[in-house]
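Observations on chain architecture
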Amino acid sequence: MAEGNVRYKLDLIVNLLDTTTGIPISQKEVMFRSNGQIVSMLNREKGTYILLNHGRMDMELEISVKGYHTLTVPVRYERLSELFPTIEAPMIPVIMPYGYSDMCSLEGNMPGITDLAAISLNRIDALLGAYNAKKNTLRLFESRELDENDYAVFHKEDMEFEEFRIVKKTEKGMLLQLKEPLLKECKPEEGIARIVRGKTEANGRYLLRVRMDGKGTKYLVRYTVNGVTKFKEFAFGEQMEGRLE
């Protein structure tokens, strides 16, 4: 009897990250749902899950991980790589009502809020050398290992930051090919920082959580309300919680 060939088609890669640290989530108690139905994904260790033979249909993917707030991620295939369609899921840790916590939070209600993110003002992951607009490449002057897809250029004079996505790294990680052009002018030795993602809901609830760093825990927060984007610096001292205003 001839043996049948089993073919597998890769439909999605999901990388689970603790958004406060950027570290992959190794927690095994993970569940994926779409339209109320469980989506079976294979665990490939280090926070990576793959979806096989599901079909490449756009969906809202709900991700539940023990110890983290539930996150819903839109999957839009026209925005993903055809060969390796990958999304990053930045999960926000839950603060337990008992024991010590090294996290600070911005939490409250603001009608019309649709976006919330922040960068640390105490930790810079790289220094910008130059941006080549024609080639859409970013050359770094100094750098730690940049393991995530998305980072931000910190424009210190304006107290703003601009996100970018890395599609390719060459020259030992010191030359970055970006997915989209940068809109603002970049200056030599501006900082490159990882992005901490917050969570917003249709009813106006928002949550942003960051780790204390022992240096005053200063973050620059970006939030969008009714289509208007604002930036605000937050310095967490003994106060572990705050609100947007």
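The structure contained in this document is the topic of the report that follows. Here the structure is a predicted model, which means the values were calculated and not measured.

1. Some points on the sheet that holds strand 20 (residues 218-225)
Sheet architecture is open: four strands sit in the order 17-10-20-21, paired in antiparallel fashion. In this open sheet, the two strands that pair with only one neighbour each are strand 17 (196-197) and strand 21 (228-235). By the bridge criterion, eight bridges tie strand 20 to strand 21 in an arrangement that is antiparallel. Note on strand 21: the bridge partner recorded for Lys218 is Ala235.

2. Topic: the pattern of salt bridges
What the rule picks out here adds up to 21 salt bridges. Note that Glu29 and Lys66 form a salt bridge whose closest N and O atoms lie 3.6 Å from each other. With Glu29 in the loop between strand 1 (10-18) and strand 2 (30-34) and Lys66 in the loop between strand 6 (59-65) and strand 7 (71-75), this residue pair connects regions lying 37 residues apart in the sequence. In this structure, Glu171 engages Arg139 in a salt bridge whose closest nitrogen and oxygen atoms are separated by 2.7 Å. Remark: Arg139 occurs in strand 12 (residues 137-143) and Glu171 occurs in the loop between strand 14 (160-170) and strand 15 (175-178); sequence separation between them is 32 residues. Within this structure, Asp115, Asp150, Glu163, Arg165, Arg197 and Arg222 form a network of salt bridges that share partners.

3. Observations concerning the nonpolar core
Formed by 23 residues in total, the largest nonpolar core has its most connected members in Leu12, Val14, Leu16, Phe32, Leu61 and Ile63. Mapped onto this core, the elements with two or more residues apiece are strand 1, strand 2, strand 5 (48-52), strand 6, strand 7 and strand 8 (86-91). When sequence neighbours within four positions are dropped, the list of residues in contact with Leu61 reads Leu12, Val14, Phe32, Arg33, Val39, Leu71, Thr72, Val73, Val75 and Ile87. Core analysis: the second largest hydrophobic core is formed by 17 residues, Leu106, Val210, Tyr219 and Val221 among them.

4. Considering the environment of Leu182
Considering the arrangement of structural elements, one finds Leu182 in the loop between strand 15 and strand 16 (191-194). On the basis of relative accessible area, Leu182 is assigned to the buried category, the value being 9%. Setting aside chain neighbours within four positions, we find Leu182 in contact with Tyr131, Asn136, Leu138, Val153, Glu162, Glu163 and Phe164.

Cut-offs applied
- Residues numbered from 1 in each chain as written.
- Predicted model: local features only at pLDDT ≥ 70, side-chain atom pairs only at ≥ 80, totals over all residues.
- Heavy atoms only, no water.
- Pairing = 2+ DSSP bridges.
- Helix = DSSP H or I, 4+ residues; strand = E, 2+ residues; numbered from the N terminus.
- Salt bridge = Lys/Arg side-chain N within 4 Å of Asp/Glu carboxyl O.
- Core = buried A, V, L, I, M, F, W, Y, C linked by side-chain atoms within 4.5 Å.
- Buried < 20%, exposed > 50% of the residue type's maximum accessible area, 1.4 Å probe, protein only.
- Contact = heavy atoms within 4.5 Å.

Geometry only, nothing functional implied.
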